[in-house]
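Listed below, chain by chain, are the residues.
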Amino acid sequence: MQHTEIERNCKMKTKTRKFNLKNFLIRYALYLLILVLWVFYASKSPHFFTIKNLKSLLVNAAPLLIYASGMTYILILGEIDLSIGSVVAMSAMISATMMSHGTAAIVAVCAAIVCCLAVGVINGLLVGKFKLPPFIATLGTQTIIYGISLVFTDAQPIGGFQESYNNLINGCIGAPKGFYLPYLLFVAVLFGLFFWFL
């Protein structure tokens, strides 16, 4: 009787381990799509897999990792935040304006973070206390913040950053003419790990 039950369990495990193409495609569709895109663009351009292009991809993807890490929790809850793009633009505007007027980089970055937290609290109050749909609430704050940023900067780029800030954004580890990793990538990885273990 005991042997029969063990054999039955073994057969059930074997059935569950059977490869299912449909489930595999559903589970790994995004990874497969990225792989297909990589192969496609690599076949179109001989410069795609060059060190310069890979470094450019890493630099451009690093901020997206930071945004996506925070958005993941909202999406897990089944909600949406449309204001994230405008909040990022506002944080860049605040820190850049303060640094262009001589404020220390760390102070400017902290001030931008505090302002972003304030927007998050407002969004939370609109959704949690006043029961507005997240789509409507964050769409409204997105429009307001975007308008304030445009008016404040007069839709003009801001320059005159401090050397320490430029070194963080443009600096790298490794040989500039060979393989190197940008500092910004390590910052993004730290944020990713923080949210992973949060």
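What this report covers is the structure whose coordinates are included nearby.

About the cut-offs
- What you see as residue numbers is a count from 1 along each chain, following the sequence as written.
- pLDDT decides what is reported in this predicted model: residues at 70 or higher carry local features, side-chain atom pairs at 80 or more are listed and counted, and totals for whole chains, interfaces and linings draw on all residues regardless.
- As a rule here, side-chain values come from all non-hydrogen atoms in the structure, and water together with hydrogens is ignored.
- Strands here are runs of E lasting at least two residues and helices are runs of H or I lasting at least four, both read from the DSSP assignment and numbered beginning at the N terminus.
- Whether two residues are in contact is decided by their heavy atoms, any of which lying within 4.5 Å being enough.
- Here the Shrake-Rupley method, with its probe set to 1.4 Å, supplies the accessible areas, and only the displayed protein chains count as covering residues.
- In plain words, nonpolar cores are sets of buried Ala, Val, Leu, Ile, Met, Phe, Trp, Tyr and Cys residues tied together by side-chain atoms within 4.5 Å.
- Think of it in three bands: residues with accessible area under 20% of the maximum for their type are buried, residues over 50% are exposed, and the middle band is partly exposed, with areas taken using a 1.4 Å probe on protein chains only.
- With a 1 Å grid spanning the protein atoms alone, the term cavity applies to any set of points in which a 1.4 Å probe fits but cannot get out, the term pocket to an open set with protein on both sides within 12 Å along at least five of seven lines, and the term lining residue to any residue with an atom within 4 Å of a point.
- Grid points are joined across faces, edges and corners, and a volume is the space filled by probe spheres set on the points.

**Quick word on the overall build of the protein**
Right, so step 1: If you tally the helices and strands in the protein, you get 9 helices and 2 strands.
Right, so step 2: Its helices and strands in sequence order give the protein the pattern α-α-α-α-α-α-α-α-β-β-α, from N to C terminus.
Right, so step 3: Expressed as a percentage of contacts within the protein between residues at least 6 apart in sequence, the contacts between residues at least 24 apart total 57%.
Right, so step 4: Put simply, the protein shows about 14700 Å² of open surface, and 72% of that area lies on carbon and sulfur atoms.

**A word on the nonpolar core**
Right, so step 1: In terms of nonpolar packing, the biggest core is built from 7 residues, these being Val87, Met90, Met93, Ile94, Ala112, Val119 and Ile145.
Right, so step 2: Listed by contribution, the elements that provide at least two residues to this core are helix 5 (84–100) and helix 6 (105–128).
Right, so step 3: Per element, the largest residue contribution to this core is 4 residues, and it comes from helix 5.
Right, so step 4: Every residue in contact with isoleucine 94, bar those within four places of it in the chain, is listed here: Ala112 and Cys115.

**Concerning the layout of surface pockets**
Right, so step 1: If you add up the space inside the largest pocket, you get close to 1700 Å³.
Right, so step 2: Lining the largest pocket are 44 residues, and of these Ile66, Tyr67, Val88, Ser91 and Cys116 sit closest to its centre.
Right, so step 3: Mapped onto the lining of the largest pocket, the elements with two or more residues apiece are helix 4 (51–76), helix 5, helix 6, helix 7 (134–153), helix 8 (163–170) and helix 9 (183–197).
Right, so step 4: A total of 12 residues in the lining of the largest pocket trace back to one element, the largest contributor, which is helix 6.

**A short note on the side chain of serine 91**
Right, so step 1: Examined against the element boundaries, serine 91 turns out to sit in helix 5.
Right, so step 2: We classify serine 91 as buried; its relative accessible area is 18%.
Right, so step 3: What serine 91 contacts, discounting residues up to four positions off in sequence, is Ala112 and Cys116.

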